[in-house]
Amino acid sequence: MIRRHDLTNTTVLEIWHGSANALDVELLDSLKEAFEELEEGTQGVVLTGSESVFCAGIDLPRLLEGDRSYPQSLIESLESCLREMIGFARPLVAAINGHAIAGGLILACACDYRLLGSSEAKIGLTELAVGVPFPSLAIEVVRQAVGLPAARRLVLGAGLIGSQEAKDRGIVDEIVSSADLLDRALELAERWSKVPPATFRMTKQQLSSGLEARMSHYPTVFGAAVVEAWGSEATRTAIDRFVARTLSRPKS
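Bear in mind the structure is a predicted one, so any value in this text is a computation, not a measurement. (Residues numbered from 1 in each chain as written. Predicted model: local features only at pLDDT ≥ 70, side-chain atom pairs only at ≥ 80, totals over all residues. Heavy atoms only, no water.)

### Considering the packing of helix 3 (residues 70-86) against helix 6 (residues 136-146)
So, step 1. Helix 6 packs onto helix 3 with a crossing angle of 35° between their chain directions and a minimal axis gap of 9 Å. Helix-helix and strand crossings are classified by hand; for helix 3 and helix 6 the assignment is left-handed. Counted together, L78, E79, L82, R83 and I86 of helix 3 and S136, L137, A138 and V141 of helix 6 form the full contact between these two elements.
So, step 2. Per-class residue counts for the contact of helix 3 with helix 6 are 6 nonpolar, 1 polar and 2 charged. (Axes fitted to C-alpha atoms, helices over the stretch in contact; angles between N-to-C directions. Helix = DSSP H or I, 4+ residues; strand = E, 2+ residues; numbered from the N terminus. Left-handed = near helix turned anticlockwise from the far one by under 90°. Contact = heavy atoms within 4.5 Å. Nonpolar A, V, L, I, M, F, W, Y, C, P; charged D, E, K, R; others polar.)

### Thoughts on the sheet that holds strand 8 (residues 123-124)
So, step 1. Pairing is parallel in the open sheet, where 3 strands are placed in the order 4-6-8. In this open sheet, the two edge strands, each paired with only one partner strand, are strand 4 (53-55) and strand 8.
So, step 2. Pairing between strand 6 (residues 99-101) and strand 8: 2 bridges, direction parallel. In the strand pairing of strand 8, A100 is matched with I123. (Pairing = 2+ DSSP bridges.)

The structure is reproduced here in structure tokens:
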């Protein structure tokens, strides 16, 4: 699910999970474990996808097939993975090689810097179009990464935008050619890995302090309400309709 490539100064983590790299409990747990294993002795990390997709978000058919306990397990795995990523002390660069949608874009937002290497890629947060609420940490990760105005437009727009608009809105930091994507990501990760580790760690903590402060004020009932909503019959019906519409569309 996660292919690890250890280079001289940097490690590349490649999401490799079906045609869309869709998120399920197993993939999220594997990604979290990959970051846990990297904590010691790692200088910099590049996170990328496989083929022409970075990550297309939650595996919705799997969500519908799962039992009533699956939504809670999924949200717990997502938030645990995000906490591991935003707490990762070393440089973390997202090399977005293709579509980054919903949970896929949230993973990218948990990185320190986002490169987009596909002019055909679609970017967006489609949760409201699907009919599901955001887990609290997920929406805060997006707000921390792109700022409240851009986050509001992404969340409430609930649609997909192209690469240039994503750059103009500050959702991605750079657009590069697909051929240059990995080289540029490695260049950045290696440059930042030369900063003394304690200094880089402190700087990341300072940058993320707003996120942690906001999360500390979230009522605990929020988490329970999100889990309940994801498992409700109304939400399952909305997801089922979204999946039916999406899968029935002719491929371009």
